[in-house]
Amino acid sequence: MQLYKVSFHVHHADVIDIGEVVVCASNQDHAAEILSHHLMLPVSTTVFEVQRVKGNFYQLKRKEVA
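To keep things clear, this report deals only with the structure shown in the data block. (Residues numbered from 1 in each chain as written. Predicted model: local features only at pLDDT ≥ 70, side-chain atom pairs only at ≥ 80, totals over all residues. Heavy atoms only, no water.)

Let us now look at the environment of V23. Among the secondary structure elements, V23 is positioned in strand β2 (residues 16-25). In this structure V23 comes out as buried when scored by relative accessible area, which is 7%. Residues V23 and R52, spaced 29 residues apart in sequence, show a C-alpha to C-alpha distance of 9.5 Å. The residues contacting V23, other than those within four sequence positions of it, are Q2, L3, Y4, V6, A31 and I34. (Helix = DSSP H or I, 4+ residues; strand = E, 2+ residues; numbered from the N terminus. Buried < 20%, exposed > 50% of the residue type's maximum accessible area, 1.4 Å probe, protein only. Contact = heavy atoms within 4.5 Å.)

With respect to the helices and strands, the residue S36 is situated in helix α1 (residues 28-38). Note on S36: relative accessible area 10%, which makes it buried. Discounting chain neighbours no more than four positions away, the residues touching S36 are L41, V43 and F48.

Turning our eyes to something else, we now look at the pairing of β2. In terms of strand pairing, strand β1 (residues 2-11) meets β2 through 10 bridges, oriented antiparallel. Residue pairing for β2: L3 is matched across the bridge by C24. From the end of β1 to the start of β2, which pair antiparallel, there are 4 residues. (Pairing = 2+ DSSP bridges.)

Function-wise, these values are silent; they only describe arrangement.
And the structure:
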């Protein structure tokens, strides 16, 4: 299993749905499939951009306060 960053956008009737998700999957196709299933996105009209995140560590946010 690898980490993938999946960006997506889909046009609904009057709304454009855009987002980014980090997914643990076996390959790029599986990452897009997991995302479409969990967010209930229509596969035929959703555009996915899938990028493998190298390594097994992905820092989302960090802050140091003195």
